[in-house]
Protein chains: 2
Amino acid sequence: MATDVHRPQTGTLRWRGVELLEYKRAGTAPFRDVTRQTLFDDPTLRCQLRYFEIAAGGHTTLERHLHAHAVVIQHGRGRALVGDRVLDVAAHDLVHVAPLTWHQFKAAPDAPLGFLCMVNAERDRPELPSAADLARMRENPLLAQFIAV
Amino acid sequence: MATDVHRPQTGTLRWRGVELLEYKRAGTAPFRDVTRQTLFDDPTLRCQLRYFEIAAGGHTTLERHLHAHAVVIQHGRGRALVGDRVLDVAAHDLVHVAPLTWHQFKAAPDAPLGFLCMVNAERDRPELPSAADLARMRENPLLAQFIAV
């Protein structure tokens, strides 16, 4: 279906004709309180643009994949694990997740975290960390603390 | 060069390590008071994400091309000509410019207009309207008024 020329906001970071979806199918991977809206998924564009929102205290899945993420924080604040780093992120910050880099986004305990994510339309499926991967990550105290919470 | 993992805002819609550029080389096409910042241009992503900001009273070039635009308004307000429509746009609105569609963005007389634009990394060059194209657009009173101002 052709993408509408103009989709105004209908509420804060909700749009006319854009369905509010669960981040992933429940039970397929660990996550908490995340919604997904696909803003652009057009055959003439080689990437998709999605908007994710994590409620206060929620988090995305800790995962990695061959495809990259280009993230623009739009709303709220939180933290992100990207490779061997833990970032404090707030509105308008840019976050780049390179191929095969472990990553996870967490909203602050008292604020949501909303972000745009650009991703190749053709892409591989995410991989979850094995017990050995998690053990390696926990050798870094920063990551150990992030993963534990 | 690899894209930095984290580029926080250094000012309103300015980022660490992101160069503030002129929209286009002066004299190559008509435009007024537009800056360009390339937020993501990474070989692992098949699209680029750019941030454009038009100062109050300014405008982008009226043009068309084979590639599409996926636009998220980030800041301020203004109007956009897209095909045979003139849209009032404000923060967070989504605008889709389909292939070969004439388009132009104008900031309000008293407010800037800033927007993200996702575009295929491999793309054709824009085409400017001929006198005949402009005459056809002016047959539509809405477009005639938009183009004249």
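Residues numbered from 1 in each chain as written. Chains lettered and ligands numbered in written order. Predicted model: local features only at pLDDT ≥ 70, side-chain atom pairs only at ≥ 80, totals over all residues. Heavy atoms only, no water.

## Observations regarding the overall build of chain A
In terms of helices and strands, chain A carries two helices and eleven strands. Starting at the N terminus and ending at the C terminus, chain A contains elements arranged as β-β-β-β-β-β-β-β-β-β-β-α-α. The globule rule puts the C-alpha radius of gyration for 149 residues at 15 Å, and the 15 Å found for chain A is close to it. Buried residues in chain A amount to 50% of all 149 residues. For chain A, restricting intrachain contacts to residue pairs at least 6 apart in sequence, the fraction spanning at least 24 positions comes to 64%. Put simply, chain A shows about 7000 Å² of open surface, and 52% of that area lies on carbon and sulfur atoms. Within chain A, one finds 18 positive and 17 negative side-chain charges whose respective centroids are separated by 2 Å. (Helix = DSSP H or I, 4+ residues; strand = E, 2+ residues; numbered from the N terminus. Rg over C-alpha atoms; globule rule 2.2 N^0.38 Å. Buried < 20%, exposed > 50% of the residue type's maximum accessible area, 1.4 Å probe, protein only. Contact = heavy atoms within 4.5 Å. Areas by Shrake-Rupley, 256 points an atom, 1.4 Å probe, with all protein chains shown as cover. Lys, Arg positive; Asp, Glu negative; His and termini not counted. Charge placed at Lys NZ, Arg CZ, Asp CG, Glu CD.)

## Details of the packing of aromatic side chains
Ring pairs (aromatic) are described by centroid distance and by the angle formed between their planes. Residue and element names in this part refer to chain A. Here the structure, examined in full by the defined rule, presents ten aromatic pairs over all chains. Between Tyr 23 and Phe 31, the ring centres sit 5.2 Å apart and the planes meet at 80°, which makes this aromatic pair edge-to-face. Accessibility expressed as a relative area gives 11% for Tyr 23, which makes it buried. Judged by its relative accessible area of 17%, Phe 31 is buried. Ring pairs connect the aromatic residues Tyr 23, Phe 31, Phe 52, Phe 105 and Phe 115, which therefore count as one cluster. The side chain of Lys 106 reaches across the aromatic face of Phe 146, ending 4.4 Å from its centre. (Phe/Tyr/Trp six-rings, centres within 6.5 Å; stacked < 30°, edge-to-face > 60°. Lys NZ or Arg CZ within 6 Å of the ring centre and 35° of its normal.)

## Topic: the relation of the copies chain A and chain B
Mapping chain A onto chain B leaves a residual RMSD of 0.0 Å; the transformation is a rotation of 180° accompanied by 0.0 Å of translation along its axis. On the angle and the small slide along the axis, the relation comes out as a two-fold axis. Looking at the interface residues of chain A, 100% of them are also at the interface in chain B, so both copies use one shared face. (Least-squares fit on C-alpha atoms with pLDDT ≥ 70 in both.)

## Structural notes on the pattern of salt bridges
All names here are of chain B. Within this structure, the stated rule accounts for eight salt bridges over all chains. Glu 63 is the partner of Lys 24 in a salt bridge, and the nearest nitrogen-oxygen pair spans 2.4 Å. With Lys 24 in the loop between β4 (21-22) and β5 (32-40) and Glu 63 in the loop between β6 (47-59) and β7 (69-82), this pair connects stretches of sequence that are 39 residues apart. Accessibility expressed as a relative area gives 6% for Glu 63, which makes it buried. (Salt bridge = Lys/Arg side-chain N within 4 Å of Asp/Glu carboxyl O.)

## Details of the interface of chain A and chain B
Tallying the contact residues gives 40 residues for chain A and 40 residues for chain B. Together chain A and chain B conceal approximately 3600 Å² of surface at their shared face, both sides included; 65% is due to carbon and sulfur atoms. Summed over the shared surface of chain A and chain B, the result is zero salt bridges. Counting across the interface, chain A meets chain B through 17 residue pairs in polar contact (both at pLDDT 80 or more). Elements with a minimum of two residues in the side of chain A that touches chain B: β1 (6-7), β5 (32-40), β6 (47-59), β7 (69-82), β8 (85-90), β9 (94-97) and β11 (113-120) of chain A. In terms of residues, the side of chain A that touches chain B owes the most to one element, β7(A), which gives five residues. When the residues that make up the side of chain A that touches chain B are grouped by side-chain class, the tally is 24 nonpolar, nine polar and seven charged. Looking at chain direction, β9(A) and strand β1 (residues 6-7) of chain B are connected through two bridges and run antiparallel. Paired with Val95(A) across the strands is His6(B), a residue of β1(B). (Buried area = accessible area lost by both parts, 1.4 Å probe. Polar contact = N/O pair within 3.5 Å; in protein donor to acceptor, adjacent residues only side chain to side chain. Nonpolar A, V, L, I, M, F, W, Y, C, P; charged D, E, K, R; others polar. Pairing = 2+ DSSP bridges.)

## Quick look at the confidence of the model for chain A
Of the residues in chain A, 99% have a pLDDT of 70 or more, and the chain-wide mean is 96. What the predictor reports for the complex is a pTM of 0.95 with an ipTM of 0.95. (pLDDT = per-residue confidence, 0-100.)

## With respect to the side chain of Gln37(B)
Residues and elements named next belong to chain B. Inspection of the secondary structure puts Gln 37 in strand β5. A polar contact is formed between the side chain of Gln 37 and the backbone oxygen of Leu 13, at a distance of 3.0 Å. Here Gln 37 is in contact with Leu 13, Arg 14, Trp 15, Val 18, Glu 19, Leu 20, Leu 49, Arg 50 and Tyr 51, once residues within four sequence places are set aside.

## Notes on unusual backbone geometry
In this structure, Leu100(A) is a non-glycine residue whose phi angle is positive, near 60°. In this structure, Leu100(A) sits in the loop between β9 and β10 (103-107). In this model, His92(B) sits at a positive phi of 80°, which is unusual for a non-glycine residue. You can see His92(B) is positioned in the loop between β8 (85-90) and β9 (94-97). Note on His92(B): relative accessible area 17%, which makes it buried.

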